[in-house]
Amino acid sequence: MHHTHNTLPENIRGQSVELLNRHLAAAIDLHAQVKQAHWNVRGSGFSAVHELFDNAAIEVETYSDLIAERTAALGGTAHGTVQLAAERSFLVPYPLGVAEARQHIFALSQAVSAFGQSIREAIALSTTHGDPVTADLFTKVAGGMDRQLWLIESHAVRP
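From a predicted model like this one, the values you see are computed outputs, not experimental measurements.

Draft legend 1. Spatial organisation of the packing of helix α1 (residues 10-40) against helix α4 (residues 101-129). It is the contact of α1 with α4, at a shortest axis distance of 11 Å, that shows an interaxial angle of 170°. Here α1 is positioned roughly antiparallel relative to α4, judged by the angle of their axes.

Draft legend 2. Summary view of the side chain of H38. Counting through the fold element by element, H38 comes out in helix α1. Relative accessible area serves as the criterion here: at 8%, H38 is assigned to the buried category. For H38, the side chain forms a polar contact with the main-chain oxygen of H50, separated by 2.9 Å. Not counting residues up to four positions away in its chain, the partners in contact with H38 are H50, F53 and D54.

Draft legend 3. Representation of the nonpolar core in the model. Core analysis: the biggest nonpolar cluster contains 45 residues, and L30, V34, F53, L108, F115, F138 and M145 have the highest contact counts within it. Sorting the residues of this core by element identifies α1, α2 (46-73), α4 and α5 (132-153) as the ones contributing at least two each. Sorting elements by how many residues they give to this core places α1 first, with 12 residues. If we skip the residues at most four places from it in the chain, F115 touches H23, A26, A27, L30, F90, L91, V141 and M145.

Basis of the calculations
Residues numbered from 1 in each chain as written. Predicted model: local features only at pLDDT ≥ 70, side-chain atom pairs only at ≥ 80, totals over all residues. Heavy atoms only, no water. Axes fitted to C-alpha atoms, helices over the stretch in contact; angles between N-to-C directions. Helix = DSSP H or I, 4+ residues; strand = E, 2+ residues; numbered from the N terminus. Parallel < 35°, antiparallel > 145°, perpendicular 65-115°, else oblique. Buried < 20%, exposed > 50% of the residue type's maximum accessible area, 1.4 Å probe, protein only. Polar contact = N/O pair within 3.5 Å; in protein donor to acceptor, adjacent residues only side chain to side chain. Contact = heavy atoms within 4.5 Å. Core = buried A, V, L, I, M, F, W, Y, C linked by side-chain atoms within 4.5 Å.

If you want it as structure tokens, here you go:
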């Protein structure tokens with residue numbers, strides 16, 4: 001931990017930094033997964049889905065930045081390299097070779113949902129640790145991810 005005048009006790013800051021870095025790795029992975037879908041989507045409705053994925057990637061990247069900056073504000077070091085993200089992400093690897101929009105929508109729905117669920121768990125953990133500001137950040141991210149899931153799933157073709 002780096003020196004800071006932040007008044008949270010160091011043990012609480014340390015717990016939050018660990019939790020934040022866990023989710024930073026997953027956010028970086030999720031951003032890459034969304035871009036993978038964006039670059040490789042094919043089929044009917046291409047334009048709308050291609051743009052949807054690009055907007056989702058921008059949103060996820062914004063959240064990874066907020067998570068990393070909160071880590072630094074607590075006196076921690078943000079572990080935001082691609083190598084660490086690949087090593088530490090809890091998300092299921094994105095399937096390569098996917099082309100059809102519906103396949104990408106299904107894969108991204110699962111990834112966004114898994115990330116959102118873990119973020120909700122992080123809200124409770126941050127609160128339990130005694131860091132309501134980090135819990136508030138995770139609450140913001142959870143709301144945004146719920147919105148992204150809704151937007152992505154709205155493009156799913158139902159029988």
